[in-house]
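Each chain is listed here by its residues.
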Amino acid sequence: MENSALPLVPDGEKKTSRFGWLAAILIALLILVPASVYAWRYFYNPCEVDAVKDASAFLVIQLKSYDHLYQVASTASQTSYEPPVLVMQQVQVDTQEIEVPACMRTAKNELISYMNTVIRAFRAWGAGEKDATVTDLLTQSDDHYDKFYDELDAIKKCAPWCFR
């Protein structure tokens, strides 16, 4: 009969813990994940709450200024719509040059698209294009307008942890 008290591991080798490497990985993750999040927030925070508030306020001011010009241009005749549309273009260019946090780029792009589409609609109307073309452009601009506000709302809710 064999001696059942003999170790199953050959001489010279130590029995290692099955879970030692798993425990080491878990401990490393518990240290690295919070450290990484902290480093990301410290060095690259793309969505700081104050920056989001400031950029949102500025974009909304630009939008209100633009919409005021939109109302003026919409009451003009086909021969006198040009001056307000030129100012609208300048507001659009100024808005495009605004630096925003990384998480707000989509919102800013939607606002720029809204402005560009409205300008294209006025140009089409001034050129005497079909009403359907102008209406389609205005519908597209409404979609961009709605998406802009949807993005702003989403960013305000997730800041500073937005991953957009």
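Remember, it's a predicted structure, so these values are computed and weren't measured experimentally. (Residues numbered from 1 in each chain as written. Predicted model: local features only at pLDDT ≥ 70, side-chain atom pairs only at ≥ 80, totals over all residues. Heavy atoms only, no water.)

J.: Looking at this structure, how should I read the overall build of the protein chain?
T.: Along its length, the protein chain carries 5 helices and 0 strands. Secondary structure elements of the protein chain, listed N to C terminal, follow the sequence α-α-α-α-α. When burial is assessed residue by residue, the protein chain has 32% of its 164 residues classed as buried. When the accessible area of the protein chain is evaluated, it comes to approximately 11200 Å², of which 59% is carbon and sulfur surface. (Helix = DSSP H or I, 4+ residues; strand = E, 2+ residues; numbered from the N terminus. Buried < 20%, exposed > 50% of the residue type's maximum accessible area, 1.4 Å probe, protein only. Areas by Shrake-Rupley, 256 points an atom, 1.4 Å probe, with all protein chains shown as cover.)

J.: What should I look at first to understand the state of the cysteines in this one?
T.: Two cysteines, two sulfur atoms, one covalent bond between them: this is a disulfide. Under the counting rule described, the total for this entry stands at 1 disulfide. At a sulfur-sulfur separation of 2.2 Å, the disulfide partner of Cys47 is Cys103. Disulfide Cys47-Cys103: the torsion about the S-S bond is 75°, which places it as right-handed. Here Cys103 lies in the loop between α3 (82-96) and α4 (105-126) and Cys47 lies in the loop between α1 (20-44) and α2 (49-74), a separation of 56 residues in the sequence. Using a relative accessible area of 0% as the deciding quantity, one classes Cys47 as buried. (Disulfide = S-S within 2.5 Å.)

J.: How should the pattern of salt bridges be read in this particular structure?
T.: A side chain of one charge can pair with a side chain of the opposite charge when the charged atoms of the two come close. Taken as a whole and judged by the stated rule, the model has 1 salt bridge. Note that Arg123 and Glu82 form a salt bridge whose closest N and O atoms lie 2.7 Å from each other. On the criterion of sequence distance, the pair formed by Arg123 in helix α4 and Glu82 in helix α3 is long-range, its members being 41 residues apart. (Salt bridge = Lys/Arg side-chain N within 4 Å of Asp/Glu carboxyl O.)

J.: Mind showing me how you'd approach the environment of Ser65 here?
T.: Structurally, Ser65 is set in helix α2. As a C-alpha pair, Ser65 and Met88 span 23 residues in sequence and 8.6 Å in three-dimensional space.

J.: Sorry, what's going on with the environment of Ile112 here?
T.: Inspection of the secondary structure assignment puts Ile112 in helix α4. Spatially, the C-alpha atom of Ile112 lies 6.4 Å from that of Gln92, the residues being 20 residues apart in sequence. Among all residues touching Ile112, those that are not within four sequence positions of it are Gln92, Thr95 and Gln96. (Contact = heavy atoms within 4.5 Å.)

J.: Hey, could you run me through the packing of aromatic side chains in this one?
T.: Where two aromatic rings form a pair, the distance of their centres and the angle of their planes describe that pair. For the structure shown, the criterion picks out 7 aromatic pairs. Three or more aromatic residues link up through ring pairs in this structure, and these residues are Tyr66, Tyr114, Tyr145, Phe148 and Tyr149. (Phe/Tyr/Trp six-rings, centres within 6.5 Å; stacked < 30°, edge-to-face > 60°.)

J.: Got a minute to help me understand the nonpolar core in this structure?
T.: With 31 residues, the main nonpolar core has Tyr66, Met88, Met104, Tyr114, Phe122 and Ile155 as its most contacted residues. Considering each element in turn, this core owes the most residues, 9 residues, to α2. (Core = buried A, V, L, I, M, F, W, Y, C linked by side-chain atoms within 4.5 Å.)

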